[in-house]
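Chain and residue survey
The lines below spell out each chain.
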Amino acid sequence: DAGVIQSPRHEVTEMGQEVTLRCKPISGHDYLFWYRQTMMRGLELLIYFNNNVPIDDSGMPEDRFSAKMPNASFSTLKIQPSEPRDSAVYFCASSLGQGNYNEQFFGPGTRLTVL
Amino acid sequence: AQSVAQPEDQVNVAEGNPLTVKCTYSVSGNPYLFWYVQYPNRGLQFLLKYITGDNLIKRSYGVEAEFNKSQTSFHLKKPSALVSDSALYFCAVRDSNDYKLSFGAGTTVTVRA
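Heads up: these notes are all about the structure in this document. This structure is a prediction, so every number in the text was calculated from the model and none was measured.

Rules of the game
Residues numbered from 1 in each chain as written. Chains lettered and ligands numbered in written order. Predicted model: local features only at pLDDT ≥ 70, side-chain atom pairs only at ≥ 80, totals over all residues. Heavy atoms only, no water. Helix = DSSP H or I, 4+ residues; strand = E, 2+ residues; numbered from the N terminus. Contact = heavy atoms within 4.5 Å. Buried area = accessible area lost by both parts, 1.4 Å probe. Polar contact = N/O pair within 3.5 Å; in protein donor to acceptor, adjacent residues only side chain to side chain. Nonpolar A, V, L, I, M, F, W, Y, C, P; charged D, E, K, R; others polar. Buried < 20%, exposed > 50% of the residue type's maximum accessible area, 1.4 Å probe, protein only. 1 Å grid on protein atoms, 1.4 Å probe; cavity = no way out; pocket = protein on both sides within 12 Å on 5 of 7 lines; lining within 4 Å. Points joined across faces, edges and corners; volume = space filled by probe spheres on them. Salt bridge = Lys/Arg side-chain N within 4 Å of Asp/Glu carboxyl O. Pairing = 2+ DSSP bridges. Axes fitted to C-alpha atoms, helices over the stretch in contact; angles between N-to-C directions.

**Description of unusual backbone geometry**
A:Ser7 connects to A:Pro8 through a cis peptide bond whose omega is -10°. As for its placement among the helices and strands, A:Pro8 is situated in the loop between strand S1 (5-7) and strand S2 (10-13). For the bond from A:Gln80 to A:Pro81, the omega torsion is -10°, close enough to zero to count as cis. Inspection of the secondary structure puts A:Pro81 in the loop between strand S8 (74-79) and strand S9 (88-95). The backbone of B:Asn41 shows a phi angle near 60°, a positive value even though the residue is not glycine. Tracing the sequence through the fold places B:Asn41 in the loop between strand S5 (31-38) and strand S6 (44-50).

Have a look at this one:
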């Protein structure tokens, strides 16, 4: 299995631009999570989906952030407009349900820099 | 509510010496506990977990963790550290009634040759 795939690996953009991060979870996994990692705040859960349906988006910082999961093999996290304080590493993770004791598998992350 | 504390930002040990990375947790229900490791410019990798059963969880490459309910702790241990163990280690907890994982702030482990 290829694991969780994220693209792009690095993104540099200017303030005000739209940014779209992409994630392909492990085939068969029914949970998908988006995290943000910064030095100041550590690892924060932004939103998670179960069977393509958003379950908890309480971690999404502002209305500028949105996430979708149109099918079981693809999810996007969009920031519009982007701001310098959005600079962080964004991770996607997936897991297999059937009990909430299963570990999450993380992608390599997207390093976002907003100038 | 659930939370995790990793009281040490950094742990430095010499190669061949025992390594301990500390973690304490707080949950309202039964805890599901996890350890992850992150190498530079990589995603988090799952190490081990405690769900139920034996309090000492062992992995094949010498890493283990001990669950202590009375002290609400889940410390990661390795009897003999290697330079390649140098990385950022995260402890995480999930309440048995929830799917959300709460991560600690992470502990940077440096093993010197």
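Having seen the structure, we can now continue with the description.
**Some details on the interface of chain A and chain B**
Contacts between the two partners involve 21 residues from chain A and, on the opposite side, 22 residues from chain B. Here chain A and chain B share an interface that buries about 1800 Å² over both sides, 52% of which is from carbon and sulfur atoms. Counting across the chain A and chain B interface gives five residue pairs in polar contact (both at pLDDT 80 or more). Element by element, the count of residues in the side of chain A that touches chain B is highest for strand S4 (residues 31-38) of chain A, at four residues. In terms of residue class, the side of chain A that touches chain B is made up of ten nonpolar, seven polar and four charged.

**Focus on the environment of A:Val19**
Residue and element names in this part refer to chain A. Relative to the assigned elements, Val 19 resides in strand S3 (residues 19-24). Owing to a relative accessible area of 1%, Val 19 belongs among the buried residues under this scheme. Sequence separation between Val 19 and Leu 77 is 58 residues; the distance between their C-alpha atoms is 8.2 Å. The residues contacting Val 19, other than those within four sequence positions of it, are Glu 11, Thr 13, Leu 77, Lys 78, Ile 79, Ser 82 and Leu 112.

**Things to note about the layout of surface pockets**
Reported here for the largest pocket is a volume of approximately 620 Å³. Around the largest pocket, the lining comprises 26 residues; the ones closest to its centre are A:Gln37, A:Thr38, A:Met39, B:Gln38 and B:Leu88. Put simply, the parts of the chain that give the lining of the largest pocket at least two residues each are S4, S9 and strand S11 (110-114) of chain A together with strand S10 (87-95) of chain B. With three residues, the single largest contributor to the lining of the largest pocket is S10(B). Partitioning the lining of the largest pocket into residue classes produces eleven nonpolar, ten polar and five charged.

**Some points on the pattern of salt bridges**
When charged atoms on two side chains of opposite charge get close, those side chains can pair. Residues and elements named next belong to chain A. Counted by the stated rule, this structure contains twelve salt bridges over all chains. With a shortest N-O distance of 3.9 Å, Lys 78 and Glu 18 are connected by a salt bridge. Separated by 60 residues along the polypeptide, Lys 78 in strand S8 and Glu 18 in the loop between S2 and S3 bring together distant segments of the chain. Its relative accessible area of 31% is what places Lys 78 among the partly exposed residues. The class for Glu 18 is partly exposed, based on a relative accessible area of 45%.

**A short note on the environment of B:Ile51**
Tracing the backbone through its elements, the reader meets B:Ile51 in the loop between S6 and strand S7 (56-58). As a C-alpha pair, B:Ile51 and B:Pro31 span 20 residues in sequence and 7.2 Å in three-dimensional space. Filtering out sequence-adjacent residues up to four positions away, B:Ile51 remains in contact with A:Tyr101, B:Pro31, B:Tyr32 and B:Phe34.

**Thoughts on the sheet that holds S8(A)**
All names here are of chain A. Reading across from one edge, S1-S3-S8-S7 is the order of the four strands in this open sheet, with antiparallel pairing throughout. Unpaired on one side and paired on the other, S1 and strand S7 (65-71) mark the two borders of the sheet. In this sheet, adjacent strand axes meet at a mean angle of 15° when their direction is disregarded. Across five bridges, S3 lies against S8 in antiparallel orientation. Of the residues in S8, the one forming a bridge with Leu 21 is Leu 77.

Shape is all these values report; function is a separate question.
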